[in-house]
Amino acid sequence: MIELFEFGLSGNCHKVRMMLSLLRLDYKSHAVNGAERELKNAEFLSMNPFGQVPVLKDGDTVIRDSQAILVYLARAYGDDHWFPADPIKAAEVTAWLSTAANEVVRGPNALRLHYKFGRTINLDEATSTTANLLSVLNQHLAHHDWLATEMISIADIAIYPYIALAHEGSVDLSPFLSVENWLGRIEMLNWFVSMPGIRGTH
Ligand SMILES: N[C@@H](CCC(=O)N[C@@H](CS)C(=O)NCC(=O)O)C(=O)O
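## Quick look at the packing of aromatic side chains
Two measures describe an aromatic ring pair: the distance that separates the ring centres and the angle between the ring planes.
No. 1: This structure, assessed with the given rule, holds 4 aromatic pairs.
No. 2: Between F5 and F44, the ring centres sit 6.4 Å apart and the planes meet at 75 degrees, which makes this aromatic pair edge-to-face. Here the residue F5 occupies a position in strand β1 (residues 2-6), and F44 occupies one in helix α2 (residues 42-47), the gap between them amounting to 39 residues. In terms of burial, F5 and F44 fall into one category: buried.
No. 3: Aromatic rings pair up to connect Y160, W182 and F192 into one cluster.

Put into structure tokens, the structure is as follows:
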């Protein structure tokens, strides 16, 4: 049985929930209470020494980090298009996984943490990172249906949640029509799952 240690409002956890659903995998959810310091007790730290969700357990295998979990699920349970064996395609997917862990975190994720959860951030840096990211995404998606290859891959899943949640960080996506259309394509997938804050239609 697959187990997922998670927060309901976390976009990083939502990547994993989406992937599990799209692969039609059953799992047991463990809602971790960050306020109760459940992330920092010895048992949790033995699974992820950074004390963060998501963490996925599959039998004796424990994987931390949302991008790593997507790679694991794609290779263990998915068809090749999710994380292709082809070296060039694998590199294209990995480039977007890096974008998810870098520009997305410093941009729309940081703005959401500020406006929704009150975290102090460098607003100018987060705003300019977000503007540049959305411009890059929009130009790329003007000519591509999916981010990395001609089919959906874990690149799309890794980038999706914090773009779909960007409005909670006071970001207006309406000037970025190709991004809006890509969000809509993902939301039309069979077995797509939503989360609080993700609008139903784009
Ligand atoms: N690189 C990690 C980042 C995970 C992360 O930032 N998790 C947040 C929730 S979205 C968390 O656990 N925060 C609590 C903390 O850092 O104490 C990933 O992609 O999974």
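## Focus on the pairing of strand β3 (residues 55-58)
No. 1: Direction of pairing for β1 relative to β3: antiparallel, over a ladder of 4 bridges. Among the inter-strand pairings, E3 is bridged to a residue of β3, identified as K57.
No. 2: As paired elements, β3 and strand β4 (residues 61-64) share 4 bridges and run antiparallel to each other. Looking across to β4, one finds that D58 is bridged to T61.
No. 3: From the end of β3 to the start of β4, which pair antiparallel, there are 2 residues, and G59 there has a positive phi angle of about 65 degrees.

## Examining unusual backbone geometry
No. 1: Across the junction of V53 and P54, the peptide omega takes the value 5 degrees, indicating a cis bond.
No. 2: For P54, the position within the fold is in the loop between α2 and β3.
No. 3: The phi angle at S170 is positive, at roughly 65 degrees, despite the residue not being glycine.
No. 4: Along the chain, S170 falls in the loop between α7 (154-164) and α8 (177-187).
No. 5: Phi angles above zero are rare outside glycine, and W191 is one such case at about 75 degrees.

What counts, and at which threshold
- Residues numbered from 1 in each chain as written.
- Predicted model: local features only at pLDDT ≥ 70, side-chain atom pairs only at ≥ 80, totals over all residues.
- Heavy atoms only, no water.
- Phe/Tyr/Trp six-rings, centres within 6.5 Å; stacked < 30°, edge-to-face > 60°.
- Helix = DSSP H or I, 4+ residues; strand = E, 2+ residues; numbered from the N terminus.
- Buried < 20%, exposed > 50% of the residue type's maximum accessible area, 1.4 Å probe, protein only.
- Pairing = 2+ DSSP bridges.

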